[in-house]
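Summary of structural features
The lines below spell out each chain.
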Amino acid sequence: MARTSFRQALNDALRSEMRRDSSVVIIGEDVAGGAGGTGTDDAYGGIMGVTRGLVGEFGRARVIDTPITESAIVGMAAGAAMTGLRPVAELMFVDFLGVCLDQILNQAAKFRYMFGGRARTPLVIRAMFGAGFSAGAQHSQCLYSIFTHIPGLKVVIPSSPYDAKGLLIQAIRDDDPVIFLEHTKLYDLEGEVPAESYTVPFGEAHVLREGGDLTIVALARMTHMALDAASALAEKGVEATVIDPRTTSPLDEETILESVAATGRLLVVDESNPRCSVASEIAAVVAERAFRDLKAPIRRITAPHTPVPFSPVLENAYIPSSTAIETAAMELARWS
Amino acid sequence: MTLDRDTLLLAYTMMRRIRDFEERVNAEFVAGHIPGFVHLYSGEEAIAVGVCMHLDATDYIGSTHRGHGHSLAKGCDSKRMMLEILGKAEGLCAGKGGSMHIADLQRGMLGANAIVGGSPPLVIGAALTAKTLKSDRVAVAFTGDGGSNQGTIFEAMNMAVVLQLPAIFVIENNGYGEGTAVEYAVGAKDVAQRAAGFGMPAVAVDGRDFFAVYDAMAGALARARAGGGPSFIEARCARIHGHYCGDPQAYRSKEELTQAREVHDPIVGFRRRVLESGELTASELDSIDRLAAEEMDAAVAVAHAGSTPSVEALYTDVYATY
């Protein structure tokens with residue numbers, strides 16, 4: 001298997017699905033590299049370069065540059081999905097959810113139920129998320145808990161290039177609206193990615209590491225922080241299991257519960273703000289369903305209840321660190 | 001404009017069916033048989049019919065909270081609509097949608113929409129499907145004057161012009177967004193003039209006149225089918241009922257209400273015109289009236305006899321797979 005970046009893995013997934021299925025189209029700002037300017041074609045490939053090269057193979061009828069108009073991008077993609085296309089809409093930063101939430105919350109997510117099961121909405125909305133670039137309060141949020149809360153949506157949050165490709169192919173083939181979130185700090189991450197097409201199913205967590213002393217659940221970039229912390233803990237004699245749910249809706253509760261049954265200790269790591277968060281949800285599931293298995297209180301390590309700050313000093317303090325994870329894990333392991 | 005007899009008969013039939021449907025919904029609501037909110041289309045029939053008579057079954061429309069007229073005009077079954085409005089399992093949406101969410105995707109009816117301005121972005125998506133698949137279909141977005149002020153329709157209109165989509169925006173300007181008058185709420189001189197600024201042909205017509213709507217739609221449709229991009233029609237009309245079923249409409253003067261109900265009724269106007277011209281006879285129209293009344297009485301009876309959804313249905317149809 002070749003070493004491939006997270007970014008290239010996404011590009012591979014889009015390209016292979018567009019070759020396989022002519023109803024797959026890409027819609028968004030600069031996805032074809034920008035349009036109408038005086039310079040070269042395909043200059044951007046989306047702001048992060050994920051769609052670079054696709055317009056050359058598939059043309060502007062299938063790689064559709066749009067104005068900056070999120071309600072129309074998402075709404076148009078939803079309307080196209082319910083009438084026969086499989087659109088992949090790019091929202092750019094997930095923060096821009098703020099200008100198009102109605103088309104996601106009240107429209108795409110609700111069609112199937114509202115219309116008595118007679119609608120099919122094979123829509124993917126891609127967006128990047130996460131802090132770490134000093135991008136400030138409007139370009140750094142996580143927000144996946146908002147989508148996870150909404151019945152009718154599926155929410156996918158890959159942590160590796162392998163998962164990025166397999167989950168995106170699954171998302172494109174899925175018949176429900178899928179929110180596909182890419183952490184900005186992971187685009188250059190490299191990993192083993194098969195050249196051929198494959199899918200990673202939704203609702204199946206990935207156990208990244210096994211250890212008997214505690215269970216750490218983490219998403220996206222936080223899985224890497226958690227693995228760093230787990231290595232440091234191992235040197236001190238504490239062995240952690242690290243679980244990446246990969247999708248928050250559906251959520252693989254069973255894998256988490258099985259692990260907690262074995263370890264009796266749960267630490268949830270979430271880069272998101274804490275209130276009504278995915279971390280809170282996982283903690284609630286375990287508290288309700290595995291109370292007798294617990295040997296220590298459930299702990300959450302999250303960002304604080306603040307917007308994401310700009311200054312690197314403040315932003316570093318905002319993002320959960322592997323040190324904070326290690327400290328909390330050690331406290332849990334020693335709790336009695 | 002001269003239309004053949006079959007077209008005139010069909011137009012009258014469709015308008016009369018919508019009115020009879022709505023008046024029965026009103027009676028059922030007043031009698032307490034309908035849960036939730038209901039918004040009636042009476043007085044606006046010439047618009048849905050004048051637009052949808054041009055469309056094929058495979059064309060698309062997106063509707064509003066005031067959507068019964070659009071649904072019937074696009075071919076939805078009156079019995080299954082009434083079943084839905086009464087919350088029955090045999091309804092078009094299995095009782096999960098109700099009056100504000102009637103949809104029939106097989107007939108190109110992409111849904112009533114309870115979010116004002118919610119529909120236009122979806123409709124341009126249907127137009128994108130048509131353009132991408134080269135299917136020759138068109139997509140019509142019905143919106144009210146209230147919705148005409150929403151950013152969603154501005155975005156949808158701009159996108160439709162930029163991508164040259166086969167979309168038609170129809171604004172039903174009935175003078176009020178809930179209880180706020182257009183004269184207050186629309187900052188521009190008129191709604192059509194504002195739309196023209198987006199770079200597409202925009203006309204304003206008398207939406208109480210079937211012939212005016214039908215004529216305007218003919219031009220917009222030909223343009224969309226020929227790949228000429230989107231068009232905009234503002235159809236000015238008047239609500240006979242209020243914003244919602246039971247709205248006392250204190251914000252409208254008695255004179256205005258009387259005008260809407262007795263002078264500008266689109267069905268009365270149509271009838272007078274075709275009788276005066278001799279194109280149709282009173283007995284032909286009376287016969288249509290009888291058939292429409294029978295159909296809608298039957299729809300009410302069927303709806304009352306329908307079954308309530310099983311409680312298990314609460315949990316189904318959230319996802320295709322999960």
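Residues numbered from 1 in each chain as written. Chains lettered and ligands numbered in written order. Predicted model: local features only at pLDDT ≥ 70, side-chain atom pairs only at ≥ 80, totals over all residues.

1. Looking at the overall build of chain B
- Scanning chain B from terminus to terminus reveals twelve helices and seven strands.
- In terms of overall size, chain B behaves like a compact globule, its C-alpha atoms giving a radius of gyration of 19 Å where 322 residues would be expected to give roughly 20 Å.
- With respect to the three principal axes, the spread of C-alpha positions in chain B is 60 × 50 × 40 Å.
- Going through the 322 residues of chain B one by one, you find that 56% of them count as buried.
- For chain B, contacts bridging at least 24 residues in sequence account for 74% of all contacts bridging at least 6. (Helix = DSSP H or I, 4+ residues; strand = E, 2+ residues; numbered from the N terminus. Rg over C-alpha atoms; globule rule 2.2 N^0.38 Å. Buried ≥ 20, exposed ≤ 12 C-beta atoms within 10 Å, placed from the backbone. Contact = placed C-beta atoms within 7 Å.)

2. Considering helix α9 (residues 210-225) of chain B
All names here are of chain B.
- If you check α9, its first and last C-alpha atoms are 22 Å apart, about what 16 residues at 1.5 Å a residue would give, namely 22 Å.
- Taken residue by residue, α9 has Phe210, Phe211, Ala212, Val213, Tyr214, Ala216, Met217, Ala220 and Ala224 as its buried positions.
- Where α9 is buried, its residues contact α1 (5-30), α2 (45-52), β3 (167-173), β6 (202-206), β7 (231-236) and α11 (266-277).
- Of the residues one or two after α9, Gly227 is the one with positive phi, at around 80 degrees. (Expected span 1.5 Å × (residues − 1).)

3. Some remarks on the domain arrangement of chain A
Residue and element names in this part refer to chain A.
- Looking at the assigned domains, one finds that chain A contains domain 1 (2-193) and domain 2 (206-334).
- Inter-centroid distance (C-alpha atoms) of domain 1 to domain 2 is 27 Å.
- In this assembly, 24 residues from domain 1 lie in contact with 22 residues from domain 2.
- Among the elements of the structure, α6 (144-148), β6 (154-156) and α7 (161-173) are those that each provide at least two residues to the side of domain 1 that touches domain 2.
- Broken down by class, the residue content of the side of domain 1 that touches domain 2 amounts to eleven nonpolar, ten polar and three charged. (Domains from an automatic or database assignment. Nonpolar A, V, L, I, M, F, W, Y, C, P; charged D, E, K, R; others polar.)

4. As for unusual backbone geometry
Residues and elements named next belong to chain A.
- That bond from Ser249 to Pro250 is cis: its omega, 0 degrees, falls within 30 degrees of zero.
- Despite not being glycine, Met92 has its phi angle at roughly 65 degrees, a positive value.
- On the secondary structure map, Met92 appears in strand β4 (residues 86-93).
- Given 20 C-beta atoms within 10 Å, Met92 falls into the buried group.

5. Description of the pairing of β4 of chain A
Residues and elements named next belong to chain A.
- β4 sits mainly inside the fold: seven of its eight residues count as buried.
- In this sheet, β4 lies alongside strand β2 (residues 24-28) in parallel orientation, the contact comprising five bridges. Pairing of Val25 across the sheet is with Pro87, part of β4. (Pairing = 2+ DSSP bridges.)

6. Comments concerning the nonpolar core
- Counting 205 residues, the largest nonpolar core has Ala329 of chain A together with Val140 of chain B as its most contacted members.
- When residues of this core are sorted by domain, at least three fall in each of domain 1 (2-193) and domain 2 (206-334) of chain A. (Core = buried A, V, L, I, M, F, W, Y, C linked by C-beta atoms within 7 Å.)

7. Section: the sheet that holds strand β9 (residues 206-209) of chain A
Residue and element names in this part refer to chain A.
- Read across the sheet, five strands follow the order β9-β11-β10-β13-β14 without closing on themselves; strand pairing throughout is mixed. Looking at the sheet topology across the chains shown, the edges are occupied by β9 and β14 (299-302). Across this sheet, the average inter-strand angle for adjacent strands is 25 degrees, counted without regard to direction.
- Bridge analysis of strand β10 (residues 214-218) against strand β13 (residues 266-270) gives four bridges, and the strand direction is parallel. Bridge pairing links Ala218 to Val269 in β13.
- Running at roughly 155 degrees to β10, helix α9 (residues 253-263) makes contact with β9, β10, β11 (240-244) and β13 of the sheet. (Axes fitted to C-alpha atoms, helices over the stretch in contact; angles between N-to-C directions.)

8. With respect to the packing of helix α3 (residues 70-81) of chain A against helix α5 (residues 119-132) of chain B
- Two elements in contact, α3 of chain A and α5 of chain B, have axes whose closest approach is 6 Å; the angle formed by their N-to-C orientations is 55 degrees. Between α3 of chain A and α5 of chain B, the interaxial angle falls into the category oblique. With respect to the hand of their crossing, α3 of chain A and α5 of chain B are arranged in right-handed fashion. For the pair α3 of chain A and α5 of chain B, the contacting residues are Ser71, Ala72, Gly75, Met76, Ala77, Ala78, Gly79 and Ala80 of chain A in the first and Pro121, Leu122, Val123, Ile124, Gly125, Ala126, Leu128 and Thr129 of chain B in the second.
- For the contact of α3 of chain A with α5 of chain B, the residue count by class is eleven nonpolar, five polar and no charged. (Parallel < 35°, antiparallel > 145°, perpendicular 65-115°, else oblique. Left-handed = near helix turned anticlockwise from the far one by under 90°.)

9. As for the sheet that holds β2 of chain A
Residue and element names in this part refer to chain A.
- Taken together, the seven strands give an open sheet; going across it, the order is β3-β2-β4-β5-β7-β6-β12, and neighbouring strands pair in mixed fashion. The outermost strands of the open sheet, each flanked by one partner alone, are β3 (63-65) and β12 (247-249). Averaged over all neighbouring strand pairs, the angle between strand axes comes to 20 degrees, with direction disregarded.
- Where β4 and strand β5 (residues 124-129) come together, four bridges link them in parallel fashion. Opposite Phe93, over in β5, you have Met128 as the bridge partner.

10. A closer look at the interface of chain A and chain B
- Listed by partner, the interface residues are 35 residues for chain A and 37 residues for chain B.
- Taken together, the elements giving at least two residues each to the side of chain A that touches chain B come down to α3, α4 (101-108) and α5 (111-114) of chain A.
- By residue number, the principal contributor to the side of chain A that touches chain B is α3 of chain A, which donates eight residues.
- Looking at the side of chain A that touches chain B residue by residue, the class counts come to 16 nonpolar, 13 polar and six charged.

11. What to know about the confidence of the model for chain B
- On average, residues of chain B score 97 in pLDDT, and 100% of them reach the 70 mark or higher.
- Overall fold confidence (pTM) sits at 0.97, and the ipTM for the predicted complex is 0.97. (pLDDT = per-residue confidence, 0-100.)

12. What about the packing of α1 of chain B against α2 of chain B?
All names here are of chain B.
- Across the interface, α1 lies against α2 with an axial gap of 9 Å and an inter-helix angle of 135 degrees. Between α1 and α2, the angle falls in the class oblique. Of the two possible hands of crossing, α1 and α2 adopt the one that is right-handed. Residues Ala11, Met14, Met15, Ile18 and Arg19 of α1 lie in contact with α2, whose contacting residues are Glu45, Ala46, Ala48 and Val49.
- Broken down by class, the residue content of the contact of α1 with α2 amounts to seven nonpolar, no polar and two charged.

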